[in-house]
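Commentary on secondary and tertiary structure
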Protein chains: 2
Amino acid sequence: MKNAPVNPDAPDWIESIQWTADGLVPAIAQDAASGEILMMAWMNRESLRLTAEEGRAVYWSRSRGKLWRKGETSGHQQIIKDIRLDCDEDVILLKVEQKGGIACHTGRHSCFYRSLQDQQWVSVEPVIKDPEAIYGSN
Amino acid sequence: MKNAPVNPDAPDWIESIQWTADGLVPAIAQDAASGEILMMAWMNRESLRLTAEEGRAVYWSRSRGKLWRKGETSGHQQIIKDIRLDCDEDVILLKVEQKGGIACHTGRHSCFYRSLQDQQWVSVEPVIKDPEAIYGSN
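Residues numbered from 1 in each chain as written. Chains lettered and ligands numbered in written order. Predicted model: local features only at pLDDT ≥ 70, side-chain atom pairs only at ≥ 80, totals over all residues. Heavy atoms only, no water.

With respect to the UniProt feature "domain: Phosphoribosyl-AMP cyclohydrolase" (unreviewed entry) in chain A
Summarizing the sequence annotation, UniProt attributes the feature "domain: Phosphoribosyl-AMP cyclohydrolase" (unreviewed entry) to residues 39-113 of chain A in the numbering used throughout. In residues 39-113 of chain A, helix accounts for 13% and strand for 37%; the two terminal C-alpha atoms are 10 Å from one another. (UniProt positions renumbered as here; feature names shortened; annotations may be inferred. Helix = DSSP H or I, 4+ residues; strand = E, 2+ residues; numbered from the N terminus.)

Some points on the sheet that holds strand β5 (residues 78-85) of chain A
With mixed pairing, 6 strands are arranged side by side in an open sheet as β2(A)-β1(A)-β6(A)-β5(A)-β7(B)-β8(B). Two strands in the sheet have a free side with no partner beyond their single neighbour: β2 (37-43) of chain A together with β8 (120-123) of chain B. The mean inter-strand angle of the sheet, taken between neighbouring strand axes irrespective of direction, is 35°. Inspection of the sheet shows β5(A) paired to strand β6 (residues 92-98) of chain A by 7 bridges, in the antiparallel sense. Within β6(A), the residue paired with A:D82 across the bridge is A:K95. (Pairing = 2+ DSSP bridges. Axes fitted to C-alpha atoms, helices over the stretch in contact; angles between N-to-C directions.)

Describing the interface of chain B and chain A
Taken residue by residue, the interface counts 39 residues in chain B and 39 residues in chain A. Buried area between chain B and chain A, both sides added, is near 3,200 Å², and the carbon and sulfur share of it is 63%. Per-residue buried area on chain B facing chain A is highest for B:F112, B:R114 and B:W121; these three make up 22% of the total on that side. Summed over the shared surface of chain B and chain A, the number is 6 salt bridges. For the pair chain B and chain A, the interface holds 26 residue pairs in polar contact (both at pLDDT 80 or more). Mapped by element, the contributors of at least two residues to the side of chain B that touches chain A are β1 (25-31), β2 (37-43), β5 (78-85), β6 (92-98) and β7 (114-117) of chain B. The leading source of residues in the side of chain B that touches chain A is β5(B), at 4 residues. When grouped by side-chain class, the residues that make up the side of chain B that touches chain A number 22 nonpolar, 7 polar and 10 charged. (Contact = heavy atoms within 4.5 Å. Buried area = accessible area lost by both parts, 1.4 Å probe. Salt bridge = Lys/Arg side-chain N within 4 Å of Asp/Glu carboxyl O. Polar contact = N/O pair within 3.5 Å; in protein donor to acceptor, adjacent residues only side chain to side chain. Nonpolar A, V, L, I, M, F, W, Y, C, P; charged D, E, K, R; others polar.)

Describing the relation of the copies chain B and chain A
If you rotate chain B by 180° and push it 0.0 Å along the axis, it lands on chain A with an RMSD of 0.0 Å. Such a turn and shift between the copies fits a two-fold axis. It is B:G35 whose C-alpha, among those of chain B, lies nearest the rotation axis, at 2.5 Å. Here 100% of the contact residues of chain B are again contact residues in chain A; the copies associate through an equivalent surface. (Least-squares fit on C-alpha atoms with pLDDT ≥ 70 in both.)

Digging into helix α2 (residues 45-54) of chain B
Residues and elements named next belong to chain B. Those residues of α2 lying buried are R45, S47, L48, L50 and T51. In this fold, the buried residues of α2 make contact with α1 (12-15), β2, β3 (58-61), β4 (66-69), β5 and β6. In the segment just after α2, G55 is the residue with positive phi, at about 70°. (Buried < 20%, exposed > 50% of the residue type's maximum accessible area, 1.4 Å probe, protein only.)

A word on the environment of B:A27
All names here are of chain B. Within the secondary structure layout, A27 lies in strand β1. Overall, the relative accessible area of 0% leaves A27 in the buried class. When the C-alpha positions of A27 and V127 are compared, they lie 24 Å apart, and in sequence the two are 100 residues distant. Look past the residues within four positions of A27 in its chain and what remains in contact with it is M39, M40, A41, M43, Y59 and I92.

Looking at the packing of aromatic side chains
Going through the model one piece at a time under the given rule, you end up with 4 aromatic pairs over all chains. For the pair A:W13 and B:W121, a centre-to-centre distance of 5.8 Å together with 70° between the ring planes defines the contact as edge-to-face. Placement of the pair is A:W13 in helix α1 (residues 12-15) and B:W121 in strand β8, with the two residues belonging to separate chains. We note that A:W13, like B:W121, is buried. Taken together, a centroid distance of 5.2 Å and an interplanar angle of 45° make the contact between A:Y59 and A:W68 tilted. Taking the relative accessible area as the measure of exposure, A:Y59 reaches 0% and is therefore buried. In this arrangement the basic side chain of A:R108 is found over the ring face of A:Y113, its NZ or CZ atom lying 3.8 Å from the centre. (Phe/Tyr/Trp six-rings, centres within 6.5 Å; stacked < 30°, edge-to-face > 60°. Lys NZ or Arg CZ within 6 Å of the ring centre and 35° of its normal.)

Spelled out as structure tokens, the structure:
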């Protein structure tokens, strides 16, 4: 049978997404209260399903090749307030409550902390918490 | 010579980005005033350089295989207020002034107009202007 869905058990709302050939979709996380953009990561079908079921962001780590429950080490979970889909059905937007106020592994609120100024990337956002204090030193 | 840059003339701030194997990077556009996320599209080195030089968003259209000066048909240009880079250096964030208040080709402010409700994607944002009035009917 041609064009069989990759996962016939996935619900329609998941299958209606235009997944990449690798079965992924980019997901943007936005602070639901302030509107700040926190990060962008990737999801596969399972991580998106779990995100909706558990009410907290679950990504797919491309580098580690496994599910990544955001905050599993740091405690900085992202509680889901809304899940949006764009017009091309190939990008997800999560509106979240960011636990601890820190989304970035560098200890900053947002991962987008570098601004282009005079043809250089300049850090313009403060480190809220030392990463060693978040993740430990080993 | 191994590991030669793809474009040795590109400035350092462009080469420091982790481009995909296809030479692309995802770019999120955010309304600089309201904080709303307008869209996500892709850029290649040239489109990012032109975005910085011209002060308005220039994307790379993967479907058409060419530069896409946002607003060239609709007039809905995105004037650049800030260009940000994330911690992994593989996602760009543009803070923009959205001309006409419409980023989406459906005539809506934002492309992320569908919300997941009871396992269905539901349109929750109004159409501001009929797409036929924006692009013409032919």
